[in-house]
Amino acid sequence: MLKQQMTQWITKIMVILTALFSLNVMAADNPYVLMQKASEKLFADIQANQAKIKQDPNYLRTIVRQDLLPYVHINYAGSLVLGSYFKSTTPEQREKFFQAFGNFIEQTYAQVLTMYSDQKIEIEKEKPVGDKTIVSIRVNIIQSGNQPPIKLDFKWRKNSRTGEWQAYDMAAEGVSMVVTKQNEWSGILRQQGIEALTAQIQQSANAPITLSK
């Protein structure tokens, strides 16, 4: 009798654990859930550290590095920026470029987020993903008074190998960072090559964060 009760108890525990694991897998497979999770942590940390940010705006980079970059597919975004020049680069050149580009993304996102202080955040309601591999999710920063919201669009991509969703682009007020930089940097790639571009990107990434007035 005791053995039967123990068996039933273990079975129930296994069912509960399996259910919890399934929920976690579902959450990991849903870009909207990941967006909600990342946004809540990101904006909560920004709001909780306003005094520190005003004293040292570069602290925003630390917050972005900890809360947002783990969800960003830096290499994929970087390969889009390189475009047709990607195939003509060596693995070593690409590795250095991706590292500099990651630092640049950190600086860019941190600078954009200086527009946030303690405004309300609205994340687009979840939509069916289905077989989609690319999803764009709108995040609105609600302004005070009659000012229009600040619109941020995060583009997510499902990795065909791992099934993992990762963000690869952010558009602020409709302006895509990836497309903008692809257009801006194509001339340097064509005329001077990837090493010159990598050096320039790293220089831009080193720029200090300045608070919006």
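Residues numbered from 1 in each chain as written. Predicted model: local features only at pLDDT ≥ 70, side-chain atom pairs only at ≥ 80, totals over all residues. Heavy atoms only, no water.

Undergrad: Would you mind showing me how to read the sheet that holds strand β1 (residues 120–123) here?
TA: Hydrogen bonds along the backbone pair up the strands of a sheet, which may run parallel or antiparallel. Spatial ordering of the open sheet is given by β1-β2-β3-β4-β5, a layout of five strands whose pairing is antiparallel. In this open sheet, the two strands that pair with only one neighbour each are β1 and β5 (175–176). Across eight bridges, strand β2 (residues 134–142) lies against strand β3 (residues 150–158) in antiparallel orientation. Residue pairing for β3: Ile 141 is matched across the bridge by Ile 150. Helix α2 (residues 31–48) contacts β1, β2, β3 and β4 (165–172) of the sheet and is inclined by roughly 30 degrees relative to β2. (Pairing = 2+ DSSP bridges. Helix = DSSP H or I, 4+ residues; strand = E, 2+ residues; numbered from the N terminus. Contact = heavy atoms within 4.5 Å. Axes fitted to C-alpha atoms, helices over the stretch in contact; angles between N-to-C directions.)

Undergrad: Whenever I open this one, helix α8 (residues 194–205) confuses me. Can you help?
TA: Within an α-helix, residues lying three or four positions from one another point in the same direction, as the helix has 3.6 residues per turn. With 12 residues, α8 extends 16 Å from end C-alpha to end C-alpha; this agrees with the ideal 16 Å at 1.5 Å per step. Every buried residue of α8 is listed here: Ile 194, Leu 197, Thr 198, Ile 201 and Ala 205. Projection of α8 onto a plane perpendicular to its axis shows the buried side chains occupying an angular sector of 100 degrees, all on one side. Of the exposed residues in α8, the ones pointing more than 90 degrees away from its buried face are Glu 195 and Gln 203. In this structure, the buried residues of α8 make contact with α4 (59–67), α5 (74–82), α6 (91–112) and α7 (177–191). (Expected span 1.5 Å × (residues − 1). Buried < 20%, exposed > 50% of the residue type's maximum accessible area, 1.4 Å probe, protein only. Arc of directions from axis to C-beta.)

Undergrad: So what exactly am I meant to see when it comes to unusual backbone geometry here?
TA: The phi angle of most residues is negative, glycine excepted, and most peptide bonds adopt the trans form. Here Glu 173, not a glycine, exhibits a phi torsion of approximately 55 degrees, which is positive. Mapped onto the secondary structure, Glu 173 falls in the loop between β4 and β5. Using a relative accessible area of 48% as the deciding quantity, one classes Glu 173 as partly exposed.

Undergrad: What should I look at first to understand the packing of α7 against α8 in this one?
TA: Helix packing geometry: the angle between the two helix axes and the distance between the axes. Contact geometry for α7 and α8: axes closest at 7 Å, N-to-C directions at 135 degrees. Compared by their axis directions, α7 and α8 come out oblique. Where α7 approaches α8, its residues Trp 185, Ile 188 and Leu 189 are matched on the opposing element by Ile 194, Leu 197, Gln 200 and Ile 201. Along the lines of polarity and charge, the residues of the contact of α7 with α8 split into six nonpolar, one polar and no charged. (Parallel < 35°, antiparallel > 145°, perpendicular 65-115°, else oblique. Nonpolar A, V, L, I, M, F, W, Y, C, P; charged D, E, K, R; others polar.)

Worth remembering: the numbers are spatial, not functional.
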